[in-house]
Amino acid sequence: MTTPVTIIMIEDDEGHARLIERNIRRSGVNNEIIPFSNGTDALKYLLGRDGSGIERKDTAFLILLDLNLPDMTGIDILRQVKDNEYLKCTPIVVLTTTDDSQEIKRCYELGCNVYITKPVNYESFANAIRQLGLFFSVIQVPSAAP
């Protein structure tokens, strides 16, 4: 039996968050989406009360991660998730305005699975998210535990 995948969206721009969720839904993805507007709250949720991640070991997550957050960088979140024994297999999609080649390389080196630069144009952004939603509907995601 496959565990339902919970999408964790870490995005501080409320407009982008609404656009992302709306267009993921338009592509037919009905998974639970839990939004966070900062990294601190997202990491508290993912790592649980004791900070070990064991509370979430039987949960399948897919993380949508913005790199530019008010309290920490997405790189910090990426590093902590990929260094955690229970979360390290969690797919992470970096979805950000940053298109710096060094930043892209760094994210892949730290273990991000997909790096997408947010298009500036509204319709292009909406279309990119719908296509991402179609991708979500076919990928397999492991539960957090090894």
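Note: the structure precedes this text.
Since the model is a prediction, treat every value here as computed from it, not as a measurement. (Residues numbered from 1 in each chain as written. Predicted model: local features only at pLDDT ≥ 70, side-chain atom pairs only at ≥ 80, totals over all residues. Heavy atoms only, no water.)

Student: Can you help me understand the sheet that holds strand S5 (residues 114-117) in this one?
Tutor: Backbone-to-backbone hydrogen bonds join strands into a sheet, with any given pair of strands oriented parallel or antiparallel. In spatial order, the strands read S2-S1-S3-S4-S5; together these five strands make up an open sheet with parallel pairing. Edge positions in the sheet fall to strand S2 (33-36) and S5, since each has one partner strand and no second. For this sheet, the mean inter-axis angle between neighbouring strands, taken without regard to orientation, is 20°. By the bridge criterion, four bridges tie strand S1 (residues 5-10) to S2 in an arrangement that is parallel. (Pairing = 2+ DSSP bridges. Helix = DSSP H or I, 4+ residues; strand = E, 2+ residues; numbered from the N terminus. Axes fitted to C-alpha atoms, helices over the stretch in contact; angles between N-to-C directions.)

Student: Would you mind showing me how to read the packing of helix H3 (residues 74-83) against helix H4 (residues 101-110) here?
Tutor: Between two packed helices, what matters for the description is the angle formed by their axes and the separation of those axes. Close contact between H3 and H4 brings their axes to 9 Å; oriented N to C, the two are set at 15°. Here H3 lies roughly parallel to H4, going by the angle between them. Remark: the crossing between H3 and H4 carries left-handed chirality. Here Ile 75, Leu 78, Arg 79 and Lys 82 of H3 lie close against H4, whose contacting residues are Glu 103, Arg 106, Cys 107 and Leu 110. Residues that form the contact of H3 with H4 fall into these classes: four nonpolar, no polar and four charged. (Parallel < 35°, antiparallel > 145°, perpendicular 65-115°, else oblique. Left-handed = near helix turned anticlockwise from the far one by under 90°. Contact = heavy atoms within 4.5 Å. Nonpolar A, V, L, I, M, F, W, Y, C, P; charged D, E, K, R; others polar.)

Student: I'm lost on the packing of helix H2 (residues 39-47) against H3 in this one. Help?
Tutor: Interhelical geometry of H2 versus H3 gives an angle of 10° and a closest axis separation of 11 Å. What the angle tells us is that H2 and H3 run roughly parallel. Residues Gly 39, Leu 43, Leu 46 and Leu 47 of H2 form the contact with H3, whose participating residues are Ile 77, Gln 80 and Val 81. Counted by class, the contact of H2 with H3 contains five nonpolar, two polar and no charged residues.

Student: How should the nonpolar core be read in this particular structure?
Tutor: Note that soluble globular proteins tend to have their nonpolar side chains buried in a common cluster. Counting residues in hydrophobic clusters, the biggest one holds 24 residues, and the most contacted among them are Ile 8, Ile 10, Ile 63, Leu 65, Ile 77, Val 81 and Cys 107. Mapped onto this core, the elements with two or more residues apiece are S1, S2, H2, strand S3 (60-65), H3 and strand S4 (92-96). Cys 107 has contacts with Leu 67, Ile 75, Leu 78, Val 94, Cys 112 and Tyr 115, leaving out every residue within four places of it along the chain. With 18 residues, the next largest nonpolar core counts Ala 17, Ile 33, Ala 60 and Leu 132 among its residues. (Core = buried A, V, L, I, M, F, W, Y, C linked by side-chain atoms within 4.5 Å. Buried < 20%, exposed > 50% of the residue type's maximum accessible area, 1.4 Å probe, protein only.)

Student: Help me understand the state of the cysteines, please; the structure alone is not making it clear to me.
Tutor: As used here, a disulfide is simply a covalent bond connecting the sulfur atoms of two cysteines. A full pass over the atoms with the stated rule returns zero disulfides. For Cys 107, which is in no disulfide, the shortest distance to another cysteine sulfur is to Cys 112 and amounts to 5.2 Å. (Disulfide = S-S within 2.5 Å.)

Student: Looking at this structure, I do not really get helix H1 (residues 14-26). What am I missing?
Tutor: Residues spaced three or four apart along an α-helix point in a common direction, a consequence of the helix completing one turn every 3.6 residues. Between the first and last C-alpha of H1 there are 18 Å, a value that for 13 residues agrees with the 18 Å anticipated at 1.5 Å per step. Taken as a whole, H1 has its buried residues at Ala 17, Leu 19, Ile 20, Asn 23 and Ile 24. All buried residues of H1 fall inside an arc of 165° around its axis, so they share one side. When the buried face of H1 is taken as reference, the exposed residues oriented beyond 90 degrees from it are Glu 14 and Arg 26. Looking one or two residues beyond H1, the residue adopting positive phi is Gly 28, at roughly 95°. (Expected span 1.5 Å × (residues − 1). Arc of directions from axis to C-beta.)

By themselves, these figures tell us nothing about what the structure is for.
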